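Structure at a glance
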Amino acid sequence: MTAPQAIIRPAVQADLKAVAEVFAHYVANTVITFEQIPPTVADWRQRLDDLTARGLPFLVAESSGDVAGYAYATPWRPKPAYRHTVENSIYLAPDLTGRGLGSALLGDLVDRCAQADMRQMIAVIADSGSRASVALHERFGFTHAGRLTGVGHKHGRWIDTVLMQRALTAG
């Protein structure tokens with residue numbers, strides 16, 4: 001299936017209600033996030049402000065004037081030695097998966113993180129039984145870095161996470 005016409009752009013505060021709605025679906029209905037209570041729009045505003053202050057990207061895919069998905073990069077760990085490593089997050093409106101939006105978002109996110117002098121990007125993927133997220137990351141050069149077994153418990157089941165990693169800059 002081809003991607004709907006989408007514009008990838010930095011998120012603005014007006015996008016955050018739609019971002020919160022997209023994520024709330026995954027919190028309530030899936031194990032792909034370990035969140036159990038959906039963040040509020042105010043929580044998303046704080047995240048956007050924090051990432052902007054750090055010079056890290058928070059992007060949305062806009063299609064037909066609506067937010068069709070989003071992606072952002074956060075610091076991997078709080079310790080200073082990790083300051084050049086980020087973790088990515090990508091979520092799509094549930095009715096718009098499989099159309100190339102994830103690729104568009106991840107490609108732009110990788111580029112913007114490299115431009116921000118980040119060196120490594122980590123993906124922490126809940127093993128929900130679907131290979132879609134792993135396959136997306138593999139297409140962008142991520143390699144398997146490990147598996148954490150039974151580290152999450154949600155909706156009555158234990159969930160593993162798959163760790164993937166990719167270099168963003170040489171050297």
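In what follows, the accompanying structure is described. This structure is a prediction, so every number in the text was calculated from the model and none was measured.

**Digging into the packing of helix H3 (residues 101-115) against helix H4 (residues 132-139)**
Put simply, H3 and H4 touch, their axes get as near as 10 Å, and they point 45 degrees apart. If you check the angle between H3 and H4, you find them oblique. The handedness of the crossing between H3 and H4 is right-handed. Contacts between H3 and H4 pair Gly102, Ser103 and Leu106 from the former with Leu136, His137 and Arg139 from the latter. Residue classes in the contact of H3 with H4 are distributed as two nonpolar, three polar and one charged.

**Quick look at H4**
Within H4 the residues assigned to the buried category are Val134, Leu136 and His137. Along the long axis of H4, the arc covered by the buried residues comes to 160 degrees, so they all point the same way. Every exposed residue of H4 that faces more than 90 degrees away from the buried side is listed here: Ala132 and Arg139. Its buried side turned inward, H4 meets strand S4 (85-92), H3, strand S5 (120-126), strand S6 (143-154) and strand S7 (157-167).

**Observations regarding the nonpolar core**
One finds Trp44, Phe58, Tyr70, Val86, Cys113 and Met121 to be the most contacted residues of the largest nonpolar core, which totals 44 residues. For this core, the element with the highest residue contribution is helix H1 (residues 16-29), accounting for seven residues. With near-sequence residues (within four places) excluded, valine 86 lies in contact with Leu56, Ala73, Thr74, Pro75, Trp76, Cys113, Met118, Gln120, Met121, Ile122 and Leu168.

**With respect to the pairing of strand S2 (residues 58-63)**
Burial of S2 is extensive: five of the six residues sit out of reach of the surface. Relative to S2, strand S1 (residues 7-10) is paired through four bridges, and the arrangement is antiparallel. Along S2, the bridge assignment pairs isoleucine 7 with glutamate 62. The pairing of S2 with strand S3 (residues 66-75) spans six bridges and is antiparallel.

Thresholds applied
- Residues numbered from 1 in each chain as written.
- Predicted model: local features only at pLDDT ≥ 70, side-chain atom pairs only at ≥ 80, totals over all residues.
- Heavy atoms only, no water.
- Axes fitted to C-alpha atoms, helices over the stretch in contact; angles between N-to-C directions.
- Helix = DSSP H or I, 4+ residues; strand = E, 2+ residues; numbered from the N terminus.
- Parallel < 35°, antiparallel > 145°, perpendicular 65-115°, else oblique.
- Left-handed = near helix turned anticlockwise from the far one by under 90°.
- Contact = heavy atoms within 4.5 Å.
- Nonpolar A, V, L, I, M, F, W, Y, C, P; charged D, E, K, R; others polar.
- Buried < 20%, exposed > 50% of the residue type's maximum accessible area, 1.4 Å probe, protein only.
- Arc of directions from axis to C-beta.
- Core = buried A, V, L, I, M, F, W, Y, C linked by side-chain atoms within 4.5 Å.
- Pairing = 2+ DSSP bridges.

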